[in-house]
Amino acid sequence: MQGAAGARHPLADVRACLADPRRTVVARTTAAQMIAAHFGWDYGGAAAFAKEVVRGLAEENFHRRTTMADGTPADEYGVVRDGISWYVKLFITGNPPRLLIVSCHLPQWDIPTPAGIVTCTQRGLRKR
Amino acid sequence: MKTIDGTPCYFCGEGTIAPRNLRGAVLQYRDEREIPVEGDVFVPTCDVCGESLMDEEIARELDAVLEPAYRRLRGERVRDELSRALEALEITQSDLERLLGLSPGYVSKLLKGKRVAETPLYRFVHLLNANPSFGLRALADVAPINDLLAA
């Protein structure tokens with residue numbers, strides 16, 4: 001986790017976007033497609049799942065700030081849902097604001113969060 | 001989705017995200033690596049890195065185009081795998097059902113396209129076809145199929 005800085009995009013704003021289907025988009029290859037491959041679901045089911053994972057995020061799941069390739073600031077989270085670890089990256093952009101779920105997939109490394117370490121080996125959450 | 005149109009790509013920082021017709025593209029879909037997009041569907045997509053953005057409406061439209069191709073190709077691939085296994089092992093459909101622990105008549109339904117095989121079965125038969133005689137001997141360790149070994 002980098003420094004003490006919190007999320008750039010408050011979760012209250014994230015949930016406000018989630019409440020309006022037109023204000024939430026999901027990246028195909030790094031979110032919907034990876035969920036779809038994991039569960040064997042279609043894109044609609046995978047996108048809905050990504051939104052549910054994001055809807056369930058709490059501040060204690062925050063990992064660090066990051067930036068997209070074009071410089072857009074984003075936030076990274078790690079969370080365990082039903083015993084499965086998930087890595088999430090998201091940002092809010094535009095006016096009216098839109099939530100973009102950049103990533104939602106199994107983590108490729110252990111993710112330190114205030115709640116504990118979200119393990120990439122699917123052992124769930126390990127308290128530090 | 002009209003909200004993202006001509007936006008610089010967040011993912012690669014080089015291209016532009018704009019609605020593009022994915023007809024002709026080959027996408028990973030469900031648990032298949034390659035399913036062709038056989039209809040018109042306009043999805044905001046980067047012209048450089050190919051990343052796409054989907055809201056609920058776009059996801060439904062993409063599913064509507066991909067699902068028929070997925071079911072058709074999965075059926076064809078399963079039928080091919082089952083036929084290869086039957087031929088390589090020189091056994092009957094009933095024998096193959098015993099070998100795989102399937103209900104009587106299930107292989108026939110799969111071969112006729114009346115059922116779509118579950119992914120574990122599809123992948124297992126694919127694995128079996130990698131070395132059918134080895135697979136048969138290995139399965140005989142855990143399944144009552146010794147008569148198939150003797151044949």
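Everything discussed here concerns the structure shown above.
Our subject in this report is the structure included herewith. (Residues numbered from 1 in each chain as written. Chains lettered and ligands numbered in written order. Predicted model: local features only at pLDDT ≥ 70, side-chain atom pairs only at ≥ 80, totals over all residues. Heavy atoms only, no water.)

What follows deals with the overall build of chain A. Across its full length, chain A carries three helices and eight strands. Secondary structure of chain A in N-to-C order comes out as α-β-α-α-β-β-β-β-β-β-β. Relative to its length of 128 residues, chain A is compact, with a C-alpha radius of gyration of 14 Å against a globular reference of 14 Å. Across its three principal axes, chain A shows a C-alpha extent of roughly 40 × 35 × 25 Å. Carbon and sulfur atoms make up 51% of the accessible area of chain A, which totals about 5,500 Å². Charged side chains of chain A number 16 positive and 11 negative; the gap between the two group centres comes to 2 Å. (Helix = DSSP H or I, 4+ residues; strand = E, 2+ residues; numbered from the N terminus. Rg over C-alpha atoms; globule rule 2.2 N^0.38 Å. Areas by Shrake-Rupley, 256 points an atom, 1.4 Å probe, with all protein chains shown as cover. Lys, Arg positive; Asp, Glu negative; His and termini not counted. Charge placed at Lys NZ, Arg CZ, Asp CG, Glu CD.)

So, about the sheet that holds strand β5 (residues 42-46) of chain B. The strand order β1-β2-β5 (chain B) describes an open sheet built from three strands, whose pairing is antiparallel. Two strands bound the open sheet, and with one partner strand each, they are β1 (7-8) and β5 of chain B. (Pairing = 2+ DSSP bridges.)

Below, the discussion takes up the pairing of strand β5 (residues 98-105) of chain A. All names here are of chain A. Within β5, eight of the eight residues are buried, which leaves it mostly tucked inside the rest of the structure. Pairing of strand β1 (residues 24-27) with β5 involves three bridges; the strand directions are parallel. If you follow Val26 over to β5, its bridge partner there is Ile101. A loop of four residues connects strand β4 (residues 84-93) with β5, the two strands running antiparallel in sequence, and Gly94 in this loop sits at a positive phi of about 85°. (Buried < 20%, exposed > 50% of the residue type's maximum accessible area, 1.4 Å probe, protein only.)

The subject of this paragraph is the interface of chain A and chain B. With 28 residues of chain A in contact, the opposing surface of chain B contributes 25 residues. Where chain A abuts chain B, roughly 2,200 Å² becomes buried across the two surfaces, and 58% of that area is made up of carbon and sulfur atoms. Ranking the residues of chain A by area buried against chain B places Arg28, Tyr43 and Arg98 of chain A at the top, with a combined share of 27%. Across the chain A-chain B interface, the total number found is two salt bridges. Of the charged contacts, one joins Lys51 of chain A and Glu56 of chain B as a salt bridge, the two residues approaching to 2.6 Å between their closest N and O atoms. Summed over the shared surface of chain A and chain B, the result is 10 residue pairs in polar contact (both at pLDDT 80 or more). For the side of chain A that touches chain B, the elements supplying multiple residues, two or more each, are β1, α2 (28-39), α3 (43-55), β4 and β5 of chain A. At seven residues, the largest contribution of residues to the side of chain A that touches chain B is made by α2 of chain A. When grouped by side-chain class, the residues that make up the side of chain A that touches chain B number 14 nonpolar, eight polar and six charged. Of the strand pairs in this sheet, β1 of chain A and strand β6 (residues 53-54) of chain B are connected by two bridges, and their pairing is antiparallel. Residue Ala27 of chain A lies in a different strand from β6 of chain B, and its bridge partner there is Leu53 of chain B. (Contact = heavy atoms within 4.5 Å. Buried area = accessible area lost by both parts, 1.4 Å probe. Salt bridge = Lys/Arg side-chain N within 4 Å of Asp/Glu carboxyl O. Polar contact = N/O pair within 3.5 Å; in protein donor to acceptor, adjacent residues only side chain to side chain. Nonpolar A, V, L, I, M, F, W, Y, C, P; charged D, E, K, R; others polar.)

Okay, the nonpolar core next. Formed by 43 residues in total, the largest nonpolar core has its most connected members in Tyr43, Val54, Leu99 and Cys104 of chain A together with Leu62 of chain B. At the level of elements, α1 (11-18), α2, α3, β3 (73-81), β4 and β5 of chain A together with β3 (26-29) and α1 (56-89) of chain B are the ones that each hand at least two residues to this core. Here this core takes eight residues from α1 of chain B, the largest share from any one element. For Leu99 of chain A, the residues in contact, after removing those within four places along its chain, are Val14, Cys17, Leu18, Arg23, Thr24, Val25, Val54, Leu90, Phe91 and Ile92 of chain A. (Core = buried A, V, L, I, M, F, W, Y, C linked by side-chain atoms within 4.5 Å.)

On to the pairing of β5 of chain B. All names here are of chain B. Burial within β5 is extensive, with four of its five residues counted as buried. In terms of strand pairing, strand β2 (residues 16-21) meets β5 through five bridges, oriented antiparallel. Considered in β5, the bridge of Arg20 is made with Val43.

Attention now moves to helix α5 (residues 132-140) of chain B. The complete set of buried residues in α5 of chain B reads Pro132, Gly135, Leu136, Leu139 and Ala140 of chain B. Along the long axis of α5 of chain B, the arc covered by the buried residues comes to 135°, so they all point the same way. (Arc of directions from axis to C-beta.)

Turning to the side chain of Arg30 of chain B, a few remarks are in order. Within the secondary structure layout, Arg30 of chain B lies in the loop between β3 and β4 (32-36). Classification of Arg30 of chain B by relative accessible area gives buried; the value is 17%. Looking at Arg30 of chain B, its side chain comes within polar contact range of the main-chain oxygen of Gly40 of chain A, at 3.0 Å. There is a polar contact of 3.0 Å between the side chain of Arg30 of chain B and the side chain of Glu67 of chain B. If sequence neighbours within four positions are ignored, Arg30 of chain B has contacts with Ala36, Ala37, Gly40, Trp41 and Asp42 of chain A together with Glu67 and Tyr70 of chain B.

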